[in-house]
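Descriptive structure summary
Residues per chain are reported as follows:
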Amino acid sequence: QVQLVESGGGLVQSGGSLRLSCAASGSIFSINAMGWYRQAPGKQRELVAAITSGGSTNVADSVKGRFTISRDNAKNTVYLQMNSLKPEDTAVYLCNADLPFGIEVWGQGTLVTISS
């Protein structure tokens with residue numbers, strides 16, 4: 001099994017920065033890819049950024065140029081660096097791990113609030 005714990009959310013002003021962390025534990029060798037999703041009130045969950053076990057990254061157009069996903073293999077942690085934050089980035093951010101056989105694991109989520 002894989003467990004994910006997110007941290008780093010909070011309240012920042014528009015234009016500010018935050019870094020989210022997602023620490024993985026358990027059977028981490030089975031993880032194919034990890035990603036960050038977000039869900040704002042009344043909206044569907046959307047993929048923000050993902051990184052594969054090989055290091056390839058994918059970033060949503062809505063955050064491209066502002067958000068960066070990276071990982072520290074020694075710490076089994078994936079990061080989401082968020083710069084130039086906008087009020088529309090306000091959401092619960094959730095870490096996701098993609099495992100074999102279509103299995104997905106989710107973290108508990110961390111709230112990011114951007115004030116205008």
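Our structure's up above, just so we're on the same page.
This write-up is about the structure you can find in this document. Because the structure is a prediction, the values reported are computed rather than measured. (Residues numbered from 1 in each chain as written. Predicted model: local features only at pLDDT ≥ 70, side-chain atom pairs only at ≥ 80, totals over all residues. Heavy atoms only, no water.)

Applying the stated criterion to the full structure yields four salt bridges. Its salt-bridge partner being Arg38, residue Asp89 comes within 2.9 Å of it at the nearest N-O pair. Pair noted here: Asp89 is in the loop between strand 8 (77-82) and strand 9 (91-98) and Arg38 is in strand 4 (residues 33-39), with a separation of 51 residues, a long-range link. Like Asp89, the residue Arg38 is buried in the burial classification. Close ionic contact of Arg66 with Asp89 constitutes a salt bridge, the shortest N to O distance being 2.7 Å. Here Asp89 lies in the loop between strand 8 and strand 9 and Arg66 lies in the loop between strand 6 (57-59) and strand 7 (67-72), a separation of 23 residues in the sequence. The same class applies to Arg66 and to Asp89, which are both buried. Sharing partners across several salt bridges, the network here consists of Arg38, Glu46, Arg66 and Asp89. (Salt bridge = Lys/Arg side-chain N within 4 Å of Asp/Glu carboxyl O. Helix = DSSP H or I, 4+ residues; strand = E, 2+ residues; numbered from the N terminus. Buried < 20%, exposed > 50% of the residue type's maximum accessible area, 1.4 Å probe, protein only.)

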